[in-house]
Amino acid sequence: MDWAFVQKSWDNWASTNIGSSGQPLKAALLINYDPLRPSRLLSTVAKQEGIKISPIELSQFVSFIKYNKLQTESFVIGHNQYMVTSIHENWFCARCLNTSKPAGEGAIVMQTSAFLLVALYDGSIGTASHAMVSVDQLVWLLNRRNL
């Protein structure tokens, strides 16, 4: 694993895509994830920006993915509960069920060969489109190195 490349890619990407107004994302997590690894090896947060996730939340989220509960259960990140709204080959989208924001909140989760990228955004269709472009940029960089 080329950690220097991951670190540099994340730092460059996060500085232009995660933050307050004007940025497509409000928070993101990069989680070490290999569904074929032995179950005794835990997934860990490799990088995070704009949110802190507890080890219990991380474990529950990874189990949600690993056991493919996308269509039957919701998941929690931070203080928000999300329900999956669309599923694709290596990514899915979700909407927040308990938001207080008028335009809502959403999440995009993309899987690479070594990571799960979880991106959180505020808003609806327009901001979701911008968030997807942003997420796709980092995933494209990671996939170029088969990460």
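Described in the following lines is the structure provided in the data block. As the structure is a prediction and not an experimental result, all values here were calculated from the model. (Residues numbered from 1 in each chain as written. Predicted model: local features only at pLDDT ≥ 70, side-chain atom pairs only at ≥ 80, totals over all residues. Heavy atoms only, no water.)

Quick notes on the side chain of T112
For T112, the location among the structural elements is in the loop between strand 6 (105–111) and strand 7 (115–122). Given a relative accessible area of 8%, T112 falls into the buried group. Reaching out from T112, the side chain makes a polar contact with the backbone oxygen of L147 at a distance of 2.7 Å. In contact with T112, other than residues within four places in its own chain, are V139, L142, N143 and L147. (Helix = DSSP H or I, 4+ residues; strand = E, 2+ residues; numbered from the N terminus. Buried < 20%, exposed > 50% of the residue type's maximum accessible area, 1.4 Å probe, protein only. Polar contact = N/O pair within 3.5 Å; in protein donor to acceptor, adjacent residues only side chain to side chain. Contact = heavy atoms within 4.5 Å.)

A short note on helix 2 (residues 55–66)
Taking 1.5 Å of rise per residue, 12 residues should cover 16 Å, and helix 2 covers 16 Å from first to last C-alpha, within 8% of that figure. Burial in helix 2 covers these residues: E57, L58, F61, V62, F64 and I65. All buried residues of helix 2 fall inside an arc of 155° around its axis, so they share one side. Residues of helix 2 that are exposed and point more than 90 degrees away from the buried face comprise P55, I56 and Q60. (Expected span 1.5 Å × (residues − 1). Arc of directions from axis to C-beta.)

Focus on the nonpolar core
Of all hydrophobic cores here, the largest spans 25 residues; its most connected members are W10, W13, L25, I108, L117 and V135. Those elements that provide at least two residues to this core are helix 1 (3–17), strand 1 (27–32), strand 6, strand 7 and helix 3 (125–144). In terms of residue count, the dominant contributor to this core is helix 3 (7 residues). If you look at the next biggest cluster of nonpolar residues, it comprises 24 residues, including Y33, V84, F92 and A94. (Core = buried A, V, L, I, M, F, W, Y, C linked by side-chain atoms within 4.5 Å.)

Some remarks on the pairing of strand 6
The buried count for strand 6 comes to 6 of 7 residues, which makes it a mostly enclosed element. Here strand 5 (residues 91–96) runs beside strand 6; their pairing, made up of 5 bridges, is antiparallel. Across the sheet, W91 pairs through a bridge with M110, a residue of strand 6. Bridge count between strand 6 and strand 7: 7 bridges; the pairing is antiparallel. Note that in strand 7 the partner of A107 across the bridge is L120. Here strand 6 hands over to strand 7 after 3 residues, the two strands then running antiparallel side by side. (Pairing = 2+ DSSP bridges.)

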